[in-house]
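# Structural characterization, general
If you want the building blocks of each chain, they are given just below.
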Amino acid sequence: MKRQAYSNFSIENLNIVITGAGGVLCGAMARELASLGARIAVIDIRGDKAQETVSQIAASGGDAYAITCDVTEPGSVKNALKFVRERWDRVDVLINGAGGNHPSATSNQDVSFFNLEYKAVQKVLDLNFLGTFLPCQVFGKLMADNGKGIIVNIASMNSVRPLTRIPAYSAGKAAVANFTKWLAVHMAQEYGPDIRVNAIAPGFFLTEQVRYLLIDPKTGGYTERGERIIVHTPMKRMGLPADLLGTLVWLISPASAFVTGIMVPVDGGFSAYAGV
């Protein structure tokens, strides 16, 4: 059953492409948007995970299909567009959620910054920045041709407040934040004011990519790092996938028709707290 929404926040019948939608956060986005009447192209490098999200949407009566795609490879992204065009004549919304960190690009007590693996750092940078840049090129061109569309990039609070141990991830997300503003201006000036580009900056969410940093596998409790995060988050908890959904619906609906080039923090007050 489709849930009713205020008309200004309606996303019914939108064609929405979501990268990384086989994961925890973007999978929740895909399910929520489908429940509100949107049609979803679920894109993930892990085809089985993409199909799992599609099956969950279908079980609730939603409309979705899965595409296996490596967002860091131009040919793979173009092939994804080909599949989308076989079903739809337009893409209304692109949500760039593919991203993440890697243990080999993370400094710790045993591996210093000076010994981080070049290939691991490059992989994290590629996944977070190029994995956003390339879909914006490929699917954004379709929006430019139509003179209409909405892009939402998933950045991070690391974009503006780099965290210890994860230099590549912080740098990659900072690039996403900067690129979001650049692309918002470029699309509006060159291809029309009906193309909007914004970003969401999640704070600390317990996803598989960061679990090893935040949860002690022996105790199941927070690590020292996880405890420090809670202390510096005024709302005293990690974010839940559902915490991102209201902001996302606002950004892709007519309710935000005059909003472009911004990054919205969803972080429980982390960015506002100075620690004293």
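Now for a quick tour of the structure. These figures come from a predicted structure and were not determined experimentally. (Residues numbered from 1 in each chain as written. Predicted model: local features only at pLDDT ≥ 70, side-chain atom pairs only at ≥ 80, totals over all residues. Heavy atoms only, no water.)

## Section: the sheet that holds strand S6 (residues 195–202)
The seven strands lie next to each other as S3-S2-S1-S4-S5-S6-S7, forming an open sheet whose pairing is parallel. Each having just a single partner strand, strand S3 (63–68) and strand S7 (263–266) make up the two edges of the open sheet. For this sheet, the mean inter-axis angle between neighbouring strands, taken without regard to orientation, is 20°. As paired elements, strand S1 (residues 15–19) and strand S4 (residues 93–96) share four bridges and run parallel to each other. Considered in S4, the bridge of Ile-18 is made with Ile-95. On top of the sheet, helix H4 (residues 118–146) reaches S1, strand S2 (39–44), S4, strand S5 (149–154) and S6; it is set at about 175° to S4, its chief contact. Those strands touched by helix H8 (residues 245–252) are S1, S4, S5, S6 and S7, and its axis lies near 170° from that of S6. (Pairing = 2+ DSSP bridges. Helix = DSSP H or I, 4+ residues; strand = E, 2+ residues; numbered from the N terminus. Axes fitted to C-alpha atoms, helices over the stretch in contact; angles between N-to-C directions. Contact = heavy atoms within 4.5 Å.)

## Digging into the environment of Leu-14
Along the chain, the position of Leu-14 falls in the segment before S1. On the accessibility criterion, Leu-14 (19% relative accessible area) is buried. Spatially, the C-alpha atoms of Leu-14 and Phe-133 are 22 Å apart, while their sequence positions differ by 119 residues. Among residues more than four places away in sequence, those in contact with Leu-14 are Ala-38, Arg-39, Asp-92, Val-93 and Ile-252. (Buried < 20%, exposed > 50% of the residue type's maximum accessible area, 1.4 Å probe, protein only.)

## Things to note about the packing of helix H1 (residues 24–35) against helix H2 (residues 47–59)
Each pair of packed helices gets described by two things: the angle between the helix axes and the distance between those axes. Interaxial distance between H1 and H2 falls to 10 Å at its minimum, and their mutual angle equals 25°. In terms of orientation, H1 lies roughly parallel with respect to H2. Here H1 runs over H2; the crossing is right-handed. Note on element contacts: H2 touches H1 through Thr-53, Gln-56 and Ile-57, opposite Gly-27, Ala-30, Arg-31 and Ala-34. Counted by class, the contact of H1 with H2 contains three nonpolar, three polar and one charged residues. (Parallel < 35°, antiparallel > 145°, perpendicular 65-115°, else oblique. Left-handed = near helix turned anticlockwise from the far one by under 90°. Nonpolar A, V, L, I, M, F, W, Y, C, P; charged D, E, K, R; others polar.)

## Points about the environment of Ala-171
Looking at the element boundaries, Ala-171 is found in helix H5 (residues 167–191). Ala-171 gets classed as partly exposed once you look at its relative accessible area, which sits at 39%. Distance from Ala-171 to Val-124, taken between C-alpha atoms, is 9.3 Å for residues 47 residues apart in sequence.

## Description of the pairing of S6
When a strand is regular, its side chains alternate between the sheet's two faces. By the criterion of burial, S6 is predominantly enclosed, with eight of the eight residues buried. Neither face of S6 is left uncovered, since the one carrying Ile-195, Val-197, Ala-199 and Ala-201 and the one carrying Arg-196, Asn-198, Ile-200 and Pro-202 both have all their residues buried. Of the pairings in the sheet, the one linking S5 to S6 comprises six bridges and is parallel in character. Within the sheet, the bridge partner assigned to Ile-150 lies in S6 and is Arg-196. Each parallel crossover has a hand, and for S5 linked through H5 to S6 it is right-handed. Pairing between S6 and S7: four bridges, direction parallel. Each bridged residue has a counterpart across the sheet, and for Ala-201 the counterpart in S7 is Pro-265. (Right-handed = clockwise from strand over helix to strand, strands pointing away.)

## Comments concerning the nonpolar core
Counting 35 residues, the largest nonpolar core has Ile-16, Leu-33, Ile-40 and Ile-95 as its most contacted members. Those elements giving two or more residues to this core turn out to be S1, H1, S2, H2, S4, S5, H8 and S7. Per-element tally for this core: the top contributor is H1, with six residues. Beyond its immediate chain neighbours, meaning those up to four positions away, Ile-95 contacts Ile-16, Val-17, Ile-18, Thr-19, Met-29, Leu-33, Val-152, Ile-154 and Leu-248. Formed by 28 residues, the second largest nonpolar core is a distinct cluster that contains Ala-41, Ile-67, Val-91 and Val-197. (Core = buried A, V, L, I, M, F, W, Y, C linked by side-chain atoms within 4.5 Å.)

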